[in-house]
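# Structural description and commentary
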Amino acid sequence: MTALEKATGDVVLKFEPFVLHVLCQELQDAQLLHSVAIDSGFRNSGITVGRGGKIMMAVRSTHCLEVPLCRKGKLMVSEEYIEFLIHVANRKMEENM
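Looking at an unreviewed UniProt entry, one finds the chain named tRNA wybutosine-synthesizing protein 3 homolog, with Chordeiles acutipennis as its source organism. The Pathway (unreviewed entry) comment attached to the chain in UniProt states, word for word, "tRNA modification; wybutosine-tRNA(Phe) biosynthesis." Note on the chain: under the UniProt heading Catalytic activity (unreviewed entry), the record states "4-demethyl-7-[(3S)-3-amino-3-carboxypropyl]wyosine(37) in tRNA(Phe) + S-adenosyl-L-methionine = 7-[(3S)-3-amino-3-carboxypropyl]wyosine(37) in tRNA(Phe) + S-adenosyl-L-homocysteine + H(+)".

Set out below in structure tokens:
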């Protein structure tokens, strides 16, 4: 709260979830890993094939959180709401583990 009181610009609370990039030798390997990731709840996972044929599988969760708190130095939410957001972000971090 002390840092927010001193803010002069925009402030956003942002939590970014777990991401794992795996370089795969074969497309079939990436497809198998993608299926496992999706079935395990990592719904934002995907496969990318580069120009040189490099096959990259990204395992990503959906546990993101991005909430504006201040606008031009003015606090836009209550301290109680910030405490709630911190609880939510900490819970998401536990889910990441």
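It is worth spelling out helix 2 (residues 27-39) at this point. The terminal C-alpha atoms of helix 2 lie 18 Å apart, and with 13 residues this matches the ideal 18 Å at 1.5 Å per residue to within 8%. After helix 2 finishes, the residue Gly 41 shows a positive phi value of roughly 100°.

What follows is about helix 3 (residues 79-96). Taking 1.5 Å per residue, 18 residues should reach 26 Å; helix 3 reaches 26 Å between its end C-alpha atoms and fits that length. Taken as a whole, helix 3 has its buried residues at Ile 82, Leu 85, Val 88, Ala 89, Lys 92 and Asn 96. For helix 3, the angular spread of buried residues about the axis comes to 120°, placing them on one side. Residues of helix 3 that are exposed and point more than 90 degrees away from the buried face comprise Glu 80 and Glu 94. At its buried positions, helix 3 is contacted by helix 1 (2-5), strand 1 (11-15), strand 5 (65-71) and strand 6 (74-75).

On to the UniProt feature "domain: tRNA wybutosine-synthesizing protein" (unreviewed entry) in the chain, then. As annotated by UniProt and renumbered to match this structure, "domain: tRNA wybutosine-synthesizing protein" (unreviewed entry) occupies residues 7-96. Here residues 7-96 is 34% helix and 33% strand, with 30 Å between the C-alpha atoms at its ends.

A few words on the domain arrangement of the chain. Split into domains, the chain comes out as domain 1 (1-16 + 63-96) and domain 2 (18-62). Centre-to-centre, using C-alpha coordinates, domain 1 lies 31 Å away from domain 2.

Further remarks concern the pairing of strand 4 (residues 55-60). Where strand 2 (residues 19-24) lies against strand 4, six bridges are found, and the strand directions are antiparallel. For Val 19, the partnering residue across the bridge sits in strand 4 and is Arg 60. Relative to strand 4, strand 3 (residues 46-49) runs antiparallel, the two sharing four bridges. Note that in strand 4 the partner of Gly 46 across the bridge is Ala 58. A loop of five residues connects strand 3 with strand 4, the two strands running antiparallel in sequence, and Gly 53 in this loop sits at a positive phi of about 90°.

Core analysis: the biggest nonpolar cluster contains 12 residues, these being Leu 4, Ala 7, Phe 15, Leu 65, Val 67, Leu 69, Cys 70, Val 77, Ile 82, Leu 85, Val 88 and Ala 89. Breaking this core down by element, the ones donating at least two residues are strand 5 and helix 3. Ignoring anything within four residues of it in the chain, the contact list for Leu 85 reads Leu 13, Leu 65, Val 67 and Leu 69.

Conventions adopted
Residues numbered from 1 in each chain as written. Predicted model: local features only at pLDDT ≥ 70, side-chain atom pairs only at ≥ 80, totals over all residues. Heavy atoms only, no water. UniProt positions renumbered as here; feature names shortened; annotations may be inferred. Helix = DSSP H or I, 4+ residues; strand = E, 2+ residues; numbered from the N terminus. Expected span 1.5 Å × (residues − 1). Buried < 20%, exposed > 50% of the residue type's maximum accessible area, 1.4 Å probe, protein only. Arc of directions from axis to C-beta. Contact = heavy atoms within 4.5 Å. Domains from an automatic or database assignment. Pairing = 2+ DSSP bridges. Core = buried A, V, L, I, M, F, W, Y, C linked by side-chain atoms within 4.5 Å.

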